[in-house]
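Coordinates in review
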Amino acid sequence: MLSKLPANVPSHLSLRLLKIYCNSGDLQRARHLFDQIPHPDLRAWTVLISGHTRHGFPKESIKLYTSLRARQIDPDNLLLLSVAKACASLGDLRNAKELHYEAIRFGFHSDIALGNAMVDMFGKCKYVEGARQVFDDMPAKDVVSWTSLCSCYVNCGLPRQGLVAFREMGLNGVRPNAVTVSSILPACSELKYLNLGREIHGFVVKHAMEENVFVSSALVNIYASCLSIKQAQMVFDMMPQRDVVSWNVLLTAYFLNRDCEKGIALFCRMRREGVKLDGASWNAVIGGCLNNGQTEQALKMLGQMQESGFKPNQITITSLLPACKDLESLRAGKEVHSYIFRNCLMEDLATTTALVSMYAKCGELELSRRVFDMMPRRDTVAWNTMIIANSMHGNGEEALLLFRKMLDSWVKPNSVTFTGVLCGCSHSRLVDEGIMVFDSMRRDHSVEPDADHYSCMVDVLSRAGHLEEAYQFIRRMPMEPTPGAWGALLGACRVHKNVDLAKIAANRLFEIEPDNPGNYVLLSNILVTAKRWEEASETRKLMRDRGVTKTPGCSWIQLRNRVYSFVAGDRSNERSEEIYKFLVEMGERMRLAGYVPNTDFVLQDVDQEEKVGILCNHSEKLAVAFGVLNLNGESTIRVFKNLRICGDCHNAIKFMAKIVGVQIIVRDSLRFHHFKDGDCSCRDFW
């Protein structure tokens, strides 16, 4: 409770006390005193409003200013200056515009200090036009004016305009100061203008600005962004003092340069030398390890982060979730989801969108949809993520429905949206719908179709069996057809047994990407199926002559937080004998149910019985068998493969799913296959 203030304090003493309270930060007592003044004058209002702005209460400053104007009291330039700083602190554009109007109305627009503050205010409000107008209307400009304008452009995502203003500043005979330099160097970093950064570095040395920590940190950042790590390290080593931002910049640079070992070593040095780490330091090392494939190290650092008293934030989470999907680690993903829920991070759009993506890529489309449905708001990226998730799982109708709901929600689609929708149409053979969506891109949404969209349309037509139409579509493309377009046609030729078009597509692919083994193998399979042995042999010879080798197939499955990998003929697993015995017994049951091994998928020149044995050894069958032997009451098995699933394995796993009575989800290099009750979600087209 406040002690009672003396009554009838003279006005000059009231003002003096008010200044004392405001300067010391005792704003509650200052307000109490102010309210006892019968008719506070402009000086009293200015002291109170400035005190609230200076001590971090900008909302209250603006409220007080509104109250002042309601009493018909005219402001002066000092008061407007304080309110401008409050608007800048809040990024309050509406009040900023009103304040600018007031400055013009009362004739203070020529005041250089107020003008500088208003340029900065509009910059913080992301209103470039307003900042430029104030700047242009100022009759005189000093280094602060130019610095505020440069900073405005850079902070508003217009680095080139910032550099133009920086050059104009020099042409007008105004010498940049340390604040100017530290404000403009981020523009060089963003644009990767290394030479200009070096020129500014020379200016820094010439005018003895190296000791300014903000300037030196910005120099480290420009060299780091341009991957001139040695120069970044040199500037860093010469800094007389370093703050945590300087350390974090260099730390991030090492990871961006794919030098994970030096990045971790630098982080250990930071801890050794007692640098006061912040959340950005931990996020840099965790994200850096993840981006460099050091997932175990990243998880170790996450544990240390929490032990050090730092809570993972949205940035940590959104870097961790992609690692969960890359590992195909559903268990880890669920643990992260639990952390998000416990720490009330579900409101964050980037975090929940990453969750949607993680579940989809781990094969849990239903969980992905549940998270999506719980999102309080959804932007274009969130809708795109859910549309693409359904497309990769073969739910084209659902992808199309989501697209329509997105439009009904007045969310603007972009190029990625249409790629996702068209992929969904192709996987579900929705030809008419695909054509309608493609035609609507330019006409209704002002999105220019690119090579990926044209490739998707080739896939839409090809999968539905319209091979000649797809071929003519490729020939009419306004840009050079991509491997994706020819690859879609080649894949469809395998399904629809069109050898002539397959040879045209394959020969074009041999020119565009001569080192891709998949194209040779696919054409060879098509020729073998058509009994054109000599041509198939020539294709394999061409592959050998060019030194192209087929990537070994590998499949993996996760059980109880451990990943088990298999290659063809693998006997390294401790339960290998049991796995092969199971496959032999399952083979008998499958044959009784109507399964016939498709030996066309064996390219080796061996007899028929040996071909059947080779098919039995394929990596995806081994992984599925291992999953069945370790069900433990589970109703779903998830297997991942680095290549396309073999045609015979695809057929065999349909029988296995039906016989065992479980759902088997296989993600190959292109998409998810959901096997259940003898059918696959891809409808035998993959």
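First, a word on scope: everything that follows refers to the structure included in this document.

About the thresholds
Residues numbered from 1 in each chain as written. Predicted model: local features only at pLDDT ≥ 70, side-chain atom pairs only at ≥ 80, totals over all residues. Heavy atoms only, no water. Buried < 20%, exposed > 50% of the residue type's maximum accessible area, 1.4 Å probe, protein only. Helix = DSSP H or I, 4+ residues; strand = E, 2+ residues; numbered from the N terminus. Pairing = 2+ DSSP bridges. Right-handed = clockwise from strand over helix to strand, strands pointing away. Axes fitted to C-alpha atoms, helices over the stretch in contact; angles between N-to-C directions. Parallel < 35°, antiparallel > 145°, perpendicular 65-115°, else oblique. Left-handed = near helix turned anticlockwise from the far one by under 90°. Contact = heavy atoms within 4.5 Å. Nonpolar A, V, L, I, M, F, W, Y, C, P; charged D, E, K, R; others polar. Salt bridge = Lys/Arg side-chain N within 4 Å of Asp/Glu carboxyl O. Expected span 1.5 Å × (residues − 1).

Points about the pairing of strand β3 (residues 636-641)
- The element β3 is extensively covered by neighbouring structure, given that six of its six residues are classed as buried.
- On β3, burial covers both faces: Thr 636, Arg 638 and Phe 640 on one face and Ile 637, Val 639 and Lys 641 on the other are all buried.
- Direction of pairing for strand β1 (residues 554-559) relative to β3: antiparallel, over a ladder of two bridges. Directly across from Ser 555, in β3, lies its bridge partner Lys 641.
- Relative to strand β4 (residues 663-667), β3 runs parallel, the two being bridged by five bridges. The residue bridging Ile 637 from the neighbouring strand is Ile 664, located in β4.
- Regarding the hand of the β-α-β motif, the stretch spanning β3, helix α36 (residues 647-660) and β4 is right-handed.

Digging into the sheet that holds strand β5 (residues 672-676)
- Pairing is mixed in the open sheet, where six strands are placed in the order β2-β1-β3-β4-β5-β6. In this open sheet, the two strands that pair with only one neighbour each are β2 (562-567) and β6 (679-680).
- Of the strand pairs in this sheet, β1 and β2 are connected by six bridges, and their pairing is antiparallel. Its bridge partner lying in β2, Leu 559 is registered against Arg 562.

Some words on the packing of helix α11 (residues 178-191) against helix α13 (residues 213-225)
- Running from N to C, α11 and α13 point in directions that differ by 15°, and their axes come no closer than 9 Å. Here α13 runs roughly parallel to α11, going by the angle between their axes. The two elements α11 and α13 meet at a crossing, and its hand is left-handed. When α11 is examined against α13, the residues Ala 178, Val 181, Ser 182, Leu 185, Cys 188 and Ser 189 are found in contact with a partner set consisting of Phe 214, Val 215, Ala 218, Leu 219, Asn 221, Ile 222 and Ser 225.
- Its residues placed into classes, the contact of α11 with α13 shows nine nonpolar, four polar and no charged.

Concerning the pattern of salt bridges
- Applying the stated criterion to the full structure yields 28 salt bridges.
- Residue Arg 370 pairs with Glu 366 through a salt bridge whose shortest N-O separation is 3.8 Å. With Arg 370 and Glu 366 both in helix α22 (residues 365-374) and four residues apart, the pair spans about one turn of that helix.
- One salt-bridge network, in which partners are shared between bridges, spans Arg 69, Asp 74, Glu 102 and Arg 105.

Describing the environment of Leu 670
- Along the chain, the position of Leu 670 falls in the loop between β4 and β5.
- Distance from Leu 670 to Ile 112, taken between C-alpha atoms, is 62 Å for residues 558 residues apart in sequence.

As for helix α29 (residues 483-496)
- Along its 14 residues, α29 runs 20 Å from first to last C-alpha, staying within 8% of the 20 Å computed at 1.5 Å per residue.
- A large share of α29 lies buried, amounting to 10 of its 14 residues.
- Taken together, the buried residues of α29 touch α27 (451-463), α28 (467-475), α30 (499-512) and α31 (517-529).
- Where α29 ends, the next residue or the one after it, Lys 497, has phi of about 55°, a positive value.

Let's talk about the environment of Tyr 454
- One can find Tyr 454 in helix α27.
- Classification of Tyr 454 by relative accessible area gives buried; the value is 10%.
- A sequence separation of 16 residues divides Tyr 454 from Phe 438, and the C-alpha atoms of the two residues are 8.6 Å apart.
- Those residues in contact with Tyr 454, other than ones at most four positions away along the chain, are Phe 438, Arg 442, Pro 449, Phe 473, Met 477, Pro 478 and Met 479.

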